[in-house]
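A look at the structure
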Amino acid sequence: MTTTFITGANRSLGYETARRLKEAGHTVIVGARDPRRGHAAADALGARFVRIDVTDDASVAAAAADVGAHEGSVDVLVNNAGILGTHDAADQITAADARAVFEVNVVGIVRVTHAFLPLLRKSANPVIVNVSSGMGSFAATHDTGRVEGRFVVPLYTASKAAVTMLTTQYAKAWPDVKVNAADPGYTATDFNGHSGPRTVTEGTDAIVALATIGRDGPTGAFRDRHGAMAW
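One structure accompanies this document, and this report is about it. (Residues numbered from 1 in each chain as written. Predicted model: local features only at pLDDT ≥ 70, side-chain atom pairs only at ≥ 80, totals over all residues. Heavy atoms only, no water.)

Right, let's talk about the pattern of salt bridges for a bit. Per the stated rule, a full pass over the model turns up 10 salt bridges. Among the ionic pairs, Asp66 bridges to Arg48, the shortest N-O distance being 2.8 Å. In this pair, Asp66 sits in helix 3 (residues 57-70) while Arg48 sits in strand 3 (residues 48-51), placing the two residues 18 residues apart along the sequence. Residue classification places Asp66 among the partly exposed residues on the basis of a relative accessible area of 24%. Relative accessible area serves as the criterion here: at 23%, Arg48 is assigned to the partly exposed category. The salt bridge involving Arg146 is made with Glu148; its shortest N-O contact spans 3.0 Å. Residues joined in a network through salt bridges with shared partners are Glu16, Arg19 and Glu23. (Salt bridge = Lys/Arg side-chain N within 4 Å of Asp/Glu carboxyl O. Helix = DSSP H or I, 4+ residues; strand = E, 2+ residues; numbered from the N terminus. Buried < 20%, exposed > 50% of the residue type's maximum accessible area, 1.4 Å probe, protein only.)

Neither face of strand 4 (residues 76-79) is left uncovered, since the one carrying Val76 and Val78 and the one carrying Leu77 and Asn79 both have all their residues buried. Across 3 bridges, strand 1 (residues 3-6) lies against strand 4 in parallel orientation. By the bridge assignment, Ile6 is partnered in strand 4 with Val78. In this sheet, strand 5 (residues 127-131) lies alongside strand 4 in parallel orientation, the contact comprising 4 bridges. Across the sheet, residue Leu77 finds its bridge partner in strand 5, namely Ile128. Crossover connection from strand 4 via helix 4 (residues 95-120) to parallel strand 5: handedness right-handed. (Pairing = 2+ DSSP bridges. Right-handed = clockwise from strand over helix to strand, strands pointing away.)

Written out as structure tokens, the structure reads:
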């Protein structure tokens, strides 16, 4: 049985990823910051809830210890938790705004991955999926024919570019672990007021595909539901 831990799994992409992987036969652990929402999501899915705040060292360490005590190991880690950050114009963005976005979107991945890596290394096929975005792609954001090229969101885009680079560096550093990045695309979620044209199922296609790769699967890849994404 494949054991999968997902951060930010109480709603939207995280919840749909949990639902689909549970349906595929995974033992899913719902990670979320809010206990009420986390328990509700886990109960609806028939999964187990573990509280985790990706911005807090003690919370992340406690979550890893909890999973270690109950499941013993982790086969798949999905780093899904993320925030958009401020809607202010670029000239109004502050260092505090930047710190808040990067703390969740980038430092949070480092924090969680560091804590869960010993559990992943107990797996015969350890897999990490980092939920990145086409908004972090230089190619996509410079193409005005794409939706990513029509928005100016400095902190979110910069943080997701960092997530993708972090993914490729982890993949090079750890040949024993498959580390890939997924782009959900412009998906209708709470994140964007349900304005995206993709359904949450379509948005999780790449995440689920990368979470279910075999031992001969890719590492260091950046993919959306159609295949390889340009950097």
